[in-house]
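Commentary on secondary and tertiary structure
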Amino acid sequence: MKARHLTLTSLTCRRLRPSVRQFSTADSEQFGYRKVAPGEKQGLVGGVFSSVADSYDVMNDLMSAGMHRLWKDEFVKMIGVPAMVKAQHPDSPLRFLDVAGGTGDISFRIIKALERAGEFVATEPTPPPSSPLEAAAAAAGAEEAKGSSEGVAGDVKIVPNALVTVSDINVDMLGVGKQRALKRFTTPTLRQVAFQEANAQELPFADNSFDVYTIAFGLRNVTDLDLALREARRVLKPGGRFLCLEFSHIPPSYGPLGKLYDAYSFAAIPALGQVVAGDRPSYQYLVESIRLFPKQEELVARMEKCGFAYCAHTNFTAGVVAVHSGFKL
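What you see as residue numbers is a count from 1 along each chain, following the sequence as written. Only residues with pLDDT of 70 or above have their local features reported here, since the model is predicted, and side-chain atom pairs are shown and tallied only from 80 upward, although totals for entire chains, interfaces and linings are computed over all residues. Water and hydrogen atoms were dropped before computing side-chain values, which therefore reflect all heavy atoms in the structure.

1. A few points about a nonpolar patch on the surface
Residues Val58, Leu62, Val275 and Val276 make up a contiguous nonpolar surface patch of about 340 Å² in total accessible area. Only runs of H or I of at least four residues qualify as helices and only runs of E of at least two qualify as strands under DSSP, and these elements are numbered from the N terminus. Looking at the nonpolar patch, the elements with two or more residues in it are α2 (56-64) and α10 (257-277). Here Val58 is to be found in helix α2. Here the term buried applies to any residue with accessible area under 20% of the maximum for its type, exposed to any over 50%, and partly exposed to those in between, with areas from a 1.4 Å probe on protein chains only. Accessibility expressed as a relative area gives 45% for Val58, which makes it partly exposed. Patch definition: residues above 30% relative accessible area lacking any salt bridge, with like charges linked at up to 9 Å and the nonpolar side chains Val, Leu, Ile, Met, Phe, Trp and Tyr linked at up to 5 Å. Computed by Shrake-Rupley with a 1.4 Å probe, the accessible areas treat only the displayed protein chains as cover when residues are assessed. The working definition used for a salt bridge is a side-chain nitrogen of Lys or Arg within 4 Å of a carboxyl oxygen of Asp or Glu.

Written as structure tokens, this is what we have:
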């Protein structure tokens, strides 16, 4: 699939042509509880998220009683940004990739953590040249900077100590994220953020590119989970870390809580989708996709099979959601 880089100065996002690559060799795929033809799930999932993009954050608040904000806060804390900053090599900017992160919930938290750690830094404004010769030298330096990894915003030089890429297959979700970023961050910060339309199963990045790969509430929507895991490992640098935040399963040790949660999910969430977004089927799919997602231990095993090391999971809210973590060695 051809991927498109979305600059923050352009507010128009065009759709990609459907990929000719088929990611499943099975006779059918699961779209929620429905079986669909091979290759069909990707388009159906895309339709779901195009439908809910504008009301996605509101629905998350309603579905989780605001808990999704706390889950995401804890998820980003688990990355350990302050420790990464302290250990950072001065000649190698930290690189973060947030996949299925169109609306920016995770990447914006990472950016804030980097700002607090002093990683998104602008130097002092450059003083005006004192002579024509100095002016010519400054102009030559500006031309050279255009081809380097450093950005220039007016007379403020941006030092790329960290770079954050927000990736999503859905252009509507990316559009929401871009608009939010423009309202939330200054130009120097935005110059260290990229929005990239891409498929988690076929990422348009070179091997060994990123220090951290995050995906929140997106892994269950891919057609081929194992392929997405292998792609995640491929683009991580050696020593890089994969972190996934996803709805999961309440263990049997919690007694009837699991059944109560299931009853709430199937009764309340599609109804809320109808009231808030006018779209019951999309939220019915979201509930069904959660129930079909691998249990915590199974996902750990699949991560290990795909080459990750030191794989582990941490449950939040009795296992309603879980964080899975692994490293590329």
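2. Digging into unusual backbone geometry
The phi angle at Asn208 is positive, at roughly 60 degrees, despite the residue not being glycine. Tracing the backbone through its elements, the reader meets Asn208 in the loop between β9 (193-197) and β10 (210-216). A residue is classified by how much of its surface remains accessible, and Asn208, at 40% relative accessible area, is partly exposed.

3. Here we look at the pattern of salt bridges
This model, assessed by the stated rule, comprises twelve salt bridges. The partner of Lys72 in a salt bridge is Asp105, with the nearest N and O atoms 2.5 Å apart. Placement of Lys72 in helix α3 (residues 67-79) and of Asp105 in helix α5 (residues 105-116) is noted, with a sequence separation of 33 residues between them. Across the salt bridge formed by Arg220 and Glu246, the nearest N and O atoms sit 2.6 Å from each other. Highlighted residues: Arg220 in the loop between β10 and α9 (225-235) and Glu246 in strand β11 (residues 236-247), separated in sequence by 26 residues. In terms of burial, Arg220 and Glu246 fall into one category: buried. Connected through shared salt-bridge partners, Lys72, Asp105 and Arg180 make up one network.

4. A few points about the packing of α2 against α10
Between α2 and α10, whose axes approach to 10 Å, the crossing angle comes to 150 degrees. Handedness of the crossing formed by α2 with α10: right-handed. In contact with Val58, Met59, Leu62 and Met63 of α2, α10 contributes Tyr264, Ile269, Leu272, Gly273 and Val276. Here the residues of the contact of α2 with α10 sort into eight nonpolar, one polar and no charged. Axes here refer to lines fitted to C-alpha atoms; in helices the fit is confined to the stretch in contact. Angles between the N-to-C directions go from 0 to 180 degrees. Left-handed describes a crossing in which the near helix is turned anticlockwise from the far one by less than a right angle; the clockwise case is right-handed. Working rule for contacts: check all heavy atoms of both residues, and any pair within 4.5 Å makes them a contact. The classification used treats Ala, Val, Leu, Ile, Met, Phe, Trp, Tyr, Cys and Pro as nonpolar, Asp, Glu, Lys and Arg as charged, and all other residues, Gly among them, as polar.

5. Focus: the pairing of strand β13 (residues 321-327)
For β13, the buried fraction is high: six of the seven residues fall into the buried class. Strand pairing is defined by DSSP finding a minimum of two bridges between the two strands. Bridging between β11 and β13 involves seven bridges; their strand directions are antiparallel. For Arg241, the partnering residue across the bridge sits in β13 and is Phe327. Pairing of strand β12 (residues 309-316) with β13 involves six bridges; the strand directions are antiparallel.

6. Some details on the nonpolar core
As used in this record, nonpolar core signifies buried Ala, Val, Leu, Ile, Met, Phe, Trp, Tyr and Cys residues forming a set joined through side-chain atoms within 4.5 Å. Counting residues in hydrophobic clusters, the biggest one holds 40 residues, and the most contacted among them are Ile79, Phe96, Leu114 and Leu245. The greatest single-element share of this core, amounting to six residues, is contributed by α5. Residues contacting Leu114, with those up to four places away along its chain left out, are Val81, Val85, Phe96, Glu119, Phe120, Ala162 and Val164. Membership of the second largest hydrophobic core comes to 25 residues, among which are Leu203, Ile215, Val222 and Cys244.

7. Focus on the packing of aromatic side chains
A pair of aromatic rings is counted whenever rings of Phe, Tyr or Trp (Trp by its six-membered ring) have centres within 6.5 Å, and the orientation is called stacked for planes under 30 degrees apart, edge-to-face for over 60 and tilted otherwise. Across all of its chains, the model carries six aromatic pairs by this definition. On the numbers, 5.2 Å between centres and 80 degrees between planes, the contact of Phe108 with Phe185 is edge-to-face. Taken together, the residues Phe108 in helix α5 and Phe185 in the loop between α7 (171-184) and α8 (187-190) connect sequence positions 77 residues apart. Each member of the pair Phe108 and Phe185 is classed as buried. By way of ring pairs, the aromatic residues Trp71, Phe217 and Phe247 are connected into one cluster. Note on criteria: charge over ring means Lys NZ or Arg CZ within 6 Å of the ring centre, with the direction from the centre no more than 35 degrees off the ring normal. The positively charged end of Arg95 is found above the aromatic ring belonging to Phe210, 4.6 Å away from the centroid.

Don't take any of this as a statement about function, it's just geometry.
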